[in-house]
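# Observations on chain architecture
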Amino acid sequence: TRLLAQLTRAKVLQAAGQLAQVKTLILQVIKTKAAKANPLNLVLCTDRLFAIDYQAAVTMTDPARQKDLMNKAFDVYVKLINDPALGQWRGAVQQFVEARYTLQIPPGFDTTVLPSPVRFAAIRRAFNHGETQRKAGRIDKAKAEYGKVVKLATALLKVPHLTKDIDVETRFYMGFAQL
């Protein structure tokens, strides 16, 4: 289809280092009926936008600039999740995206530079892993995951102007992880 051809073209342009053209192309594609017809098409487009800024952020050595680039990279997913075009698919896309973008956090990376929704997704993911370990009888591994929850949640709750939903859910996960 035309959509897949445009995404392939964007990938080729990105490999050639023509990042501004890639962004322009993807932003045009996102506005098409074909992209909006299927939420996964929007995810594919968002993935391409994410890849550009994420790669720049991971290789950045200046901490302040790295934080800005990392926020910019993950912000495309935050915008996607909040896009009214998702309609009834919002919840499913949110779960899918959260699982994917928590995997994009490099090991040992300072998560305090990430946007709050991404940090919250990391908390939820660690909590769910802890629950899986607990239910399987692997208590030491569960405690390690719950320890991550407490550490991540404590840091996130220091962020000024958290949304009420993120604040409440973060406190829930942190409290439960400490039981």
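The structure under discussion appears in the preceding block.
The following refers to the structure shown.

About the criteria used
Residues numbered from 1 in each chain as written. Predicted model: local features only at pLDDT ≥ 70, side-chain atom pairs only at ≥ 80, totals over all residues. Heavy atoms only, no water. Helix = DSSP H or I, 4+ residues; strand = E, 2+ residues; numbered from the N terminus. Buried < 20%, exposed > 50% of the residue type's maximum accessible area, 1.4 Å probe, protein only. Contact = heavy atoms within 4.5 Å. Areas by Shrake-Rupley, 256 points an atom, 1.4 Å probe, with all protein chains shown as cover. Lys, Arg positive; Asp, Glu negative; His and termini not counted. Charge placed at Lys NZ, Arg CZ, Asp CG, Glu CD. Core = buried A, V, L, I, M, F, W, Y, C linked by side-chain atoms within 4.5 Å. 1 Å grid on protein atoms, 1.4 Å probe; cavity = no way out; pocket = protein on both sides within 12 Å on 5 of 7 lines; lining within 4 Å. Points joined across faces, edges and corners; volume = space filled by probe spheres on them. Salt bridge = Lys/Arg side-chain N within 4 Å of Asp/Glu carboxyl O. Expected span 1.5 Å × (residues − 1). Bend = angle between axes of the 7 residues up to and from the residue.

### Thoughts on the overall build of the chain
Along the backbone of the chain there are 9 helices and 0 strands. Of the regular secondary structure in the chain, the N- to C-terminal order runs α-α-α-α-α-α-α-α-α. If one aligns the C-alpha atoms of the chain with their principal axes, the spans along those axes are about 50 × 40 × 35 Å. Looking at the chain residue by residue over its 179 residues, the buried ones come to 41%. Relative to all contacts within the chain whose residues are 6 or more apart in sequence, the contacts with residues 24 or more apart total 52%. A total of about 10500 Å² of accessible surface is found on the chain, and carbon and sulfur atoms cover 57% of it. Between the averaged position of the 27 positive side-chain charges in the chain and that of its 14 negative side-chain charges there is a distance of 5 Å.

### Description of unusual backbone geometry
Its identity as a non-glycine residue notwithstanding, His-161 has a phi of 65°, on the positive side. Note that His-161 resides in the loop between helix H8 (139-156) and helix H9 (164-177). A relative accessible area of 78% means that His-161 is categorised as exposed.

### A look at the nonpolar core
In this structure, Ile-26, Phe-74, Val-97 and Tyr-101 are the most contacted members of the largest nonpolar core, which totals 37 residues. For this core, the secondary structure elements donating two or more residues are helix H1 (2-15), helix H2 (19-30), helix H4 (39-59), helix H5 (63-81), helix H6 (90-103) and helix H7 (116-135).

### Re the layout of surface pockets
A volume near 510 Å³ is recorded for the largest pocket. Forming the boundary of the largest pocket are 17 residues, of which Ile-105, Thr-111, Ala-122, Lys-148 and Leu-152 lie nearest the centre. Secondary-structure elements contributing two or more residues to the lining of the largest pocket are H7 and H8.

### Focus: the pattern of salt bridges
One pass over the full model with this rule turns up 7 salt bridges. Put simply, Glu-145 and Lys-148 hold a salt bridge, and the shortest N to O gap is 3.1 Å. A residue pair is termed a helical-turn pair when its members lie 3 or 4 positions apart in one helix, as Glu-145 and Lys-148 do in helix H8 at 3 residues. Classification of Lys-148 as partly exposed rests on a relative accessible area of 44%. Among the ionic pairs, Asp-167 bridges to Arg-171, the shortest N-O distance being 3.0 Å. Placement of both Asp-167 and Arg-171 in helix H9 is noted, with a separation of 4 residues, approximately one turn of the helix. Arg-171 gets classed as partly exposed once you look at its relative accessible area, which sits at 46%.

### Thoughts on H1
In a regular helix each residue adds 1.5 Å, so 14 residues correspond to 20 Å; H1 covers 20 Å between its end C-alpha atoms and thus fits that length. Those residues of H1 that are buried are in contact with H2, helix H3 (33-37) and H4. Downstream of H1 by a residue or two, Gly-17 has a phi angle that is positive, lying close to 80°.

### Here's the deal with H5
Helix length check: H5 (19 residues) gives 27 Å between terminal C-alpha atoms against 27 Å at 1.5 Å per residue, within 8%. The largest bend in H5 comes to about 30°, at Phe-74. What H5 keeps buried is the set Gln-66, Leu-69, Met-70, Ala-73, Phe-74, Val-76, Tyr-77, Val-78, Leu-80 and Ile-81. Buried residues in H5 make contact with H4, H6 and H7.

### Overview of the environment of Pro-117
Among the secondary structure elements, Pro-117 is positioned in helix H7. In contact with Pro-117, not counting residues within four places along its chain, are Val-78, Tyr-101 and Ile-166.

### Let's talk about the environment of Glu-169
The residue Glu-169 is located in helix H9 in this model. For Glu-169, a relative accessible area of 32% corresponds to the partly exposed category. Put simply, Glu-169 and Val-58 are 111 residues apart on the chain and 29 Å apart in space, counted from C-alpha to C-alpha. When neighbours within four sequence positions are excluded, Glu-169 is seen to be in contact with Phe-120 and Arg-124.

Function cannot be inferred from these measures alone, as they are strictly geometric.
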